[in-house]
Amino acid sequence: MGYRQAAVLSSVSFFLGVLFICLNVDYRLLFTPLTDGVVRDGLEFYTTFYNSPPAIKGLLHSIMGVGLLGLVSKLHKWDDSAMFFDGSSLAAYIFSLAVYLTVGIPACRTVADPVPNVDTKEDQVEALRILSAGNTIIIVLLGGILALQAGEQWARRLEANILQETGEQEKPKAAAAAVDAESKKNK
């Protein structure tokens, strides 16, 4: 595993960790009956998340950039593995970024900083549920990226084993051919 793969795996794993923390709130918002306590917990959690210091937001966005840079740099060596595994991983990563930018940020803004006389309490609850659904979609996409990266490593190891076995089978044949050639020279 090289630095590029480490960049991809570390950024994806980091965001899966962040989203699993959010899943504690998201699960109750999506899959349990909505009560005032569940809504209050969701509003408090995402308001705190939205109002976090700029350094935390900068860290999150820079780690997103590291993952994107790692995937693009893995495509530099354009072979079948890069085309199938890394290309699919890049597509899933870009889709997860698109969900974050188009669903996550606006919904979090509606939850934490509603527009006066426009956003009602029902709008905030709906935004909470949409944000939770978007986070769940991102979890699935990032899990798919991890699966694709694991599949790429498995395929590379399988290919190396096959090449090694083929090379070991060819060695006796090459040695026998060399002995035959040598014996013909001696005659």
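The structure we're discussing is the one just above.
Below you will find a few notes about this structure. Note that the structure is a prediction, hence the values are computed from the model and not measured.

Here is what the cut-offs are and how they apply
Residues numbered from 1 in each chain as written. Predicted model: local features only at pLDDT ≥ 70, side-chain atom pairs only at ≥ 80, totals over all residues. Heavy atoms only, no water. 1 Å grid on protein atoms, 1.4 Å probe; cavity = no way out; pocket = protein on both sides within 12 Å on 5 of 7 lines; lining within 4 Å. Points joined across faces, edges and corners; volume = space filled by probe spheres on them. Helix = DSSP H or I, 4+ residues; strand = E, 2+ residues; numbered from the N terminus. Nonpolar A, V, L, I, M, F, W, Y, C, P; charged D, E, K, R; others polar. Core = buried A, V, L, I, M, F, W, Y, C linked by side-chain atoms within 4.5 Å. Buried < 20%, exposed > 50% of the residue type's maximum accessible area, 1.4 Å probe, protein only. Contact = heavy atoms within 4.5 Å.

What to know about the layout of surface pockets
- Approximately 580 Å³ is the volume found for the largest pocket.
- As for the largest pocket, its lining consists of 27 residues, of which F49, L60, H61, M64 and Y100 are closest to the centre.
- At the level of secondary structure, the elements contributing two or more residues to the lining of the largest pocket comprise α1 (3-31), α2 (36-50), α3 (54-74), α4 (80-112) and α5 (121-186).
- Examining the composition of the lining of the largest pocket, we find that 8 residues originate from one element, α4, more than from any other.
- Looking at the lining of the largest pocket residue by residue, the classes come out as 20 nonpolar, 5 polar and 2 charged.
- Estimates place the volume of the second largest pocket at around 180 Å³.
- Around the second largest pocket, the lining comprises 11 residues; the ones closest to its centre are G2, R4, Q5, K74 and R156.
- Within the residue set of the lining of the second largest pocket, elements represented by two or more residues are α1 and α5.

As for the nonpolar core
- By size, the foremost hydrophobic cluster in this structure holds 22 residues, and its most contacted members are V12, F15, Y93, L142 and I145.
- Elements supplying a minimum of two residues to this core: α1, α3, α4 and α5.
- Ignoring anything within four residues of it in the chain, the contact list for L142 reads V12, F15, L16, L19, Y93 and S96.
- In terms of nonpolar packing, the next biggest core, distinct from the first, is built from 14 residues, L29, V38, A107 and L131 among them.

Fair warning: the whole summary comes from geometry, so function is off the table for now.
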